[in-house]
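Structural overview
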Protein chains: 2
Amino acid sequence: MKRIAESTVRRLSLYLRFLEDFEKRSIGTISSDELAARGSTTSAQVRKDLSFFGSFGKRGLGYSVPELLARLRQILGLDHEWHVVIVGAGKIGAALAQYRGFSQRGFRIVALYDSDPEKVGRTVDGLQIRPMSALTAESHHHRPDIAVLAVPATAAQEVADIVVAAGVRAILNFAPQQLQVPDTVALKEVNMAIELEGLSFALTNLRM
Amino acid sequence: MKRIAESTVRRLSLYLRFLEDFEKRSIGTISSDELAARGSTTSAQVRKDLSFFGSFGKRGLGYSVPELLARLRQILGLDHEWHVVIVGAGKIGAALAQYRGFSQRGFRIVALYDSDPEKVGRTVDGLQIRPMSALTAESHHHRPDIAVLAVPATAAQEVADIVVAAGVRAILNFAPQQLQVPDTVALKEVNMAIELEGLSFALTNLRM
DNA sequence: ACATGTGAACTGCTTCACAGCG
DNA sequence: CGCTGTGAAGCAGTTCACATGT
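Read on for an overview of the structure. Everything numeric here is computed off the predicted structure, so don't read it as measured data.

1. Considerations on the packing of aromatic side chains
Under the definition given, this model contains four aromatic pairs over all chains. Ring centres 6.2 Å apart and planes at 90° place the aromatic pair Phe201 of chain A and Phe53 of chain B in the edge-to-face group. Taken together, the residues span two chains, with Phe201 of chain A in helix 9 (residues 192-205) and Phe53 of chain B in the loop between helix 3 (43-51) and strand 2 (63-64). For the ring pair Tyr99 of chain B and Phe102 of chain B, a centre distance of 4.9 Å and an interplane angle of 90° mean the geometry is edge-to-face. For the pair Tyr99 of chain B and Phe102 of chain B, a shared accessibility class is recorded, and that class is buried. Geometry around Phe22 of chain A places Arg38 of chain A over its ring, the cationic atom sitting 5.9 Å from the centre.

2. Focus: the pattern of salt bridges
Under the criterion given, the structure shown has 28 salt bridges over all chains. Of the charged contacts in the structure, one is a salt bridge between Arg38 of chain A and Asp21 of chain A, with a shortest N-O distance of 2.8 Å. One end of the pair, Arg38 of chain A, is in helix 2 (residues 32-38); the other, Asp21 of chain A, is in helix 1 (residues 6-24), and 17 residues separate them in sequence. Residue classification places Arg38 of chain A among the partly exposed positions, given a relative accessible area of 31%. A relative accessible area of 22% means that Asp21 of chain A is categorised as partly exposed. Residues joined in a network through salt bridges with shared partners are Arg17, Glu20, Arg73 and Arg105 of chain A together with Glu197 of chain B.

3. Observations concerning the sheet that holds strand 6 (residues 127-131) of chain B
All names here are of chain B. Taken in spatial order, the seven strands line up as 5-6-4-3-7-8-9 in an open sheet, and their pairing is mixed. Strand pairing shows two members of the sheet lacking a second neighbour, strand 5 (123-124) and strand 9 (186-189), which therefore form its edges. The strands touched by helix 8 (residues 153-165) within the sheet are strand 3 (82-87), strand 7 (146-149) and strand 8 (170-173), with strand 7 carrying the most contacts at an inclination of about 165°.

4. Observations concerning the packing of helix 1 (residues 6-24) of chain B against helix 4 (residues 65-75) of chain B
All names here are of chain B. Between helix 1 and helix 4, the least distance of the axes is 10 Å, while the angle of their chain directions is 145°. Considering how the two elements wind past one another, helix 1 and helix 4 form a crossing that is left-handed. Contacts between helix 1 and helix 4 pair Leu12, Tyr15, Leu16, Leu19, Glu20, Phe22 and Glu23 from the former with Val65, Pro66, Leu68, Leu69, Leu72, Arg73 and Ile75 from the latter. Taken together, the residues of the contact of helix 1 with helix 4 sort by class into 11 nonpolar, no polar and three charged.

5. A look at the environment of Gly54 of chain B
Residue and element names in this part refer to chain B. Mapped onto the elements of the fold, Gly54 is located in the loop between helix 3 and strand 2. Accessibility expressed as a relative area gives 28% for Gly54, which makes it partly exposed. For the pair formed by Gly54 and Arg71, sequence separation is 17 residues and the distance between their alpha carbons is 9.6 Å.

6. Some words on the relation of the copies chain A and chain B
With an RMSD of 0.1 Å, chain A superimposes on chain B once it is rotated by 180° and translated 0.0 Å along the axis. On this basis, the relationship between the two copies can be described by a two-fold rotation axis. Of all interface residues in chain A, 100% are interface residues in chain B too; the two copies therefore contact each other through one and the same surface.

7. Some points on the pairing of strand 7 (residues 146-149) of chain A
Both faces of the sheet carry side chains from a regular strand, because those side chains alternate between them. All names here are of chain A. Here strand 7 shows a buried face lined by Ile146 and Val148 and a second buried face lined by Ala147 and Leu149. Relative to strand 7, strand 3 (residues 82-87) runs parallel, the two sharing four bridges. Following the sheet pairing, Val87 is matched in strand 7 by Leu149. Note that strand 7 and strand 8 (residues 170-173) share four bridges and pair parallel. Considered in strand 8, the bridge of Val148 is made with Leu172. The parallel pair strand 7 and strand 8 is bridged by helix 8 (residues 153-165), and the resulting crossover is right-handed.

8. Overview of the protein's contact with DNA strand C
The full set close to DNA strand C counts 24 residues, and Arg11 of chain A together with Ser32, Arg47, Arg59 and Tyr63 of chain B are the nearest of them. Of what DNA strand C places within 4 Å of the protein, 62% of the atoms are sugar or phosphate. One of the side-chain N or O atoms of Arg59 of chain B is found 2.8 Å from a base oxygen in DNA strand C. Within the backbone of Gly60 of chain B, an N or O atom sits 3.2 Å from a sugar or linking oxygen of DNA strand C. Of all the secondary structure elements, the ones that give two or more residues to the surface near DNA strand C are helix 1 and helix 3 (43-51) of chain A together with helix 3 of chain B. Taken together, the residues of the surface near DNA strand C break down into five nonpolar, 10 polar and nine charged.

The rules behind these values
- Residues numbered from 1 in each chain as written.
- Chains lettered and ligands numbered in written order.
- Predicted model: local features only at pLDDT ≥ 70, side-chain atom pairs only at ≥ 80, totals over all residues.
- Heavy atoms only, no water.
- Phe/Tyr/Trp six-rings, centres within 6.5 Å; stacked < 30°, edge-to-face > 60°.
- Helix = DSSP H or I, 4+ residues; strand = E, 2+ residues; numbered from the N terminus.
- Buried < 20%, exposed > 50% of the residue type's maximum accessible area, 1.4 Å probe, protein only.
- Lys NZ or Arg CZ within 6 Å of the ring centre and 35° of its normal.
- Salt bridge = Lys/Arg side-chain N within 4 Å of Asp/Glu carboxyl O.
- Pairing = 2+ DSSP bridges.
- Contact = heavy atoms within 4.5 Å.
- Axes fitted to C-alpha atoms, helices over the stretch in contact; angles between N-to-C directions.
- Left-handed = near helix turned anticlockwise from the far one by under 90°.
- Nonpolar A, V, L, I, M, F, W, Y, C, P; charged D, E, K, R; others polar.
- Least-squares fit on C-alpha atoms with pLDDT ≥ 70 in both.
- Right-handed = clockwise from strand over helix to strand, strands pointing away.
- Near = heavy atom within 4 Å.
- Polar contact = N/O pair within 3.5 Å; in protein donor to acceptor, adjacent residues only side chain to side chain.

In structure tokens:
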């Protein structure tokens, strides 16, 4: 299979959301034009994105909403449950643990870790915070697929090494620190300060 | 001035961080090669990125760390303070309000709003939560440049319209909802569920 | 001699435009 | 006839390679 651009995958996620909405409104068929209008893209882009994975539409008619929905879930790997561990039970880690959007799409949070003895043992949304030192051993049982890092920048690389050694194959990093991981591990960085700086740049350079 | 790619701006933010680190370690001069090694990019990329804004280096030598630092701050618009309002004082909004990374770079949080009367009046990190209904009037006083939205998806567009009408010219949106704003307003979307789905895709399609 | 700054080549994503099929 | 699926064209971002300046 050909390599798929990250931008394409992002759009597939968006199409999935729009289709869920169309399904809720009992719309059975949708054209690439209508899907495009909902995101801010073009019908050609929609068709091209989907064409990497097969031919799901009917010429002259469009796409069956339930069928395309099922296909997209399958393509994105959302047709089964993923096990997620969150490392760092500070404000952000705790907020993520409680975020409904995750469980809703089959991301099951199997454990929450923190190295601070003060926090260990407390409960967040029905999940007891476990000591960081237990992560490796408990991973044999939980078999996490994805680790979400919400730790201080200074600890991030060390934690990343630990979760990778524990068998995690994907990392979502909220720590403001560029991580190094083997290229067998998928990595996404979310850096709120960098987003704000992008806005600062836009404010400084766009207008005025 | 030529249009600058978003990817370029992101890298400038990274260079800024690396330079701060070099400065802390009292390194006075740095080559594009050394900067590139720190991010995961190439020296040509570093030089090209900087070349959009001028010639800051000395041939045969490299870049002066303090000088390039000052230039980057200026380019990114970080040489003065921005006023930020946060809308939504739930878990994520509260976590953002307390996040040190913002104030550290000159983003001053001037107000925190919520429409829930239960939350209004409480204090988060020294900031009293104000009722959403007060946003427009208080904006005459606070003059916010940037709004951070941490509200439910269903409220996001309505809130965006309100803050735009109140004079905000940049929005950082954490709500899982694609926003429509006039093209005079800069917009960044942070969607954690979409990042996770990108990892799910990678796990499903990379290996196996 | 060495590292920058930059046109030129290249790579890859997006848009176009139309043939193909229901 | 309408809308998909897709090669081809167009465009934007990255990499190359070297002339230039210190």
